[in-house]
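Below, each chain spelled out in residue letters.
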Amino acid sequence: MHTSIINMTLLQKLPIFLTLASAIRSVLATPTIQSPAIRSRSSSSSNNNDDEDDTPLPLVIWHGLGDTFSAEGLQSVGELAEKINPGTFVYYVRMDESASNDRTATFYGNVTEQVAKVCADLASHPILSTAPAIDAVGFSQGGQFLRAYVERCNAPPVRSLVTFGSQHNGIVDYRACSAADWLCKGAMALLHSNTWSAWVQSRLVPAQYFRDPRDLDSYLESSNFLADVNNERELKNKTYAENIAKLENLVMYIFEDDTTVIPKETGWFEEVNGTEITPLRERPIYTEDWIGLKALDKKGGLVFKTNPGEHMQVSDQALEETFTEFFGPLTKSFSRDSQVSDEL
């Protein structure tokens, strides 16, 4: 009884702990461009004729855990996108106009409600709502949240979705805490011990994409977010698969030396159970096409990429290549790997 009272007290104080911990460790989710140089795309690289509308589609960016929409690193990503495709309107997803509150919401909140808010915000935005389509970039957890946007509302519709170090297949462990960061350690320990409680699943963001292959029953029964958007329960939502299949591109980056996202292969929807790794194309979520990935792959729109370095150490080259290859005007055409499509 005494232990239960202590745990409840910790739960009630956890939002305060998370706010402080996020301020200490926000660097984990902030994309760091490794080269400070920003180079404009030359006019010769344009794929469009003069008589075509070369206005780039708007770009929506959703940041990761411990970050905020106004962070310098995130803003520099938007500036680079505008340099590569001049005229790009960039929108930074936020849960609150206060940077502090926005950061807190990356730890504390109901993800289903957060995605619904973004759906409403984008649908009512004077520029985004009138665009024929948008492009989107999600960093870390922002990647799977943008995928949920595509599945659940997708108005305005996303053309190309790029995710960096995202947790599409969930995580089996929470982010590493430094030896001296007792706030982080305490919060993570509490999350581990109460992951599947209704309180945690409706309030603590990382818990809502926790997925342990060794305990799928608890996950399927209690997950507030990931089990739904991955269509893993018996009753499937056909709209999710239809909307993902409508994408032109889903580009998924993982970081080669990522020790923050566990396992890093989750960024490619791979199943990691101990030392056994099952590639996406061998999993039921793909073979039975639960969320439209197979249909998207057949038309050449499913792209797997790697980035050197640790979590969110995004290379300048990777960003430039991404913005050049997958973003730009509505009339932009995309190269396809016909060999992969023929093999599927």
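One structure accompanies this document, and this report is about it.

About the thresholds
Residues numbered from 1 in each chain as written. Predicted model: local features only at pLDDT ≥ 70, side-chain atom pairs only at ≥ 80, totals over all residues. Heavy atoms only, no water. Axes fitted to C-alpha atoms, helices over the stretch in contact; angles between N-to-C directions. Helix = DSSP H or I, 4+ residues; strand = E, 2+ residues; numbered from the N terminus. Parallel < 35°, antiparallel > 145°, perpendicular 65-115°, else oblique. Left-handed = near helix turned anticlockwise from the far one by under 90°. Contact = heavy atoms within 4.5 Å. Nonpolar A, V, L, I, M, F, W, Y, C, P; charged D, E, K, R; others polar. Buried < 20%, exposed > 50% of the residue type's maximum accessible area, 1.4 Å probe, protein only. Pairing = 2+ DSSP bridges.

The N-to-C vectors of helix α4 (residues 111-124) and helix α5 (residues 141-152) enclose an angle of 65°; their axes lie 10 Å apart at closest approach. Taken together, α4 and α5 sit at an angle that is classed as roughly perpendicular. Pair α4 / α5 crosses with right-handed handedness. Between α4 and α5, the residues in contact are V111, T112, V115, V118, C119 and L122 and F145, A148, Y149 and R152, respectively. Residues that form the contact of α4 with α5 fall into these classes: eight nonpolar, one polar and one charged.

Assignment of secondary structure puts N110 in the loop between α3 (99-104) and α4. The exposure class assigned to N110 is buried, which follows from its relative accessible area of 12%. Those residues in contact with N110 that lie beyond four places of it in its chain are S202, Q208 and N224.

Bringing the sheet that holds strand β5 (residues 249-255) into the picture now. Spatial strand order, β2-β1-β3-β4-β5-β8: six strands in an open sheet with parallel pairing. Strand pairing shows two members of the sheet lacking a second neighbour, β2 (90-92) and β8 (302-307), which therefore form its edges. Geometrically, the sheet is characterised by an average inter-axis angle of 15° between neighbouring strands, direction not taken into account. Strand direction decides the pairing type here: strand β1 (residues 59-62) and β2, joined by three bridges, are parallel. Considered in β2, the bridge of I61 is made with Y92. Contacting β1, β3 (134-139) and β4 (158-164), α5 crosses the sheet at an angle of about 145° to β3.

Just distances and angles here, no functional claims.
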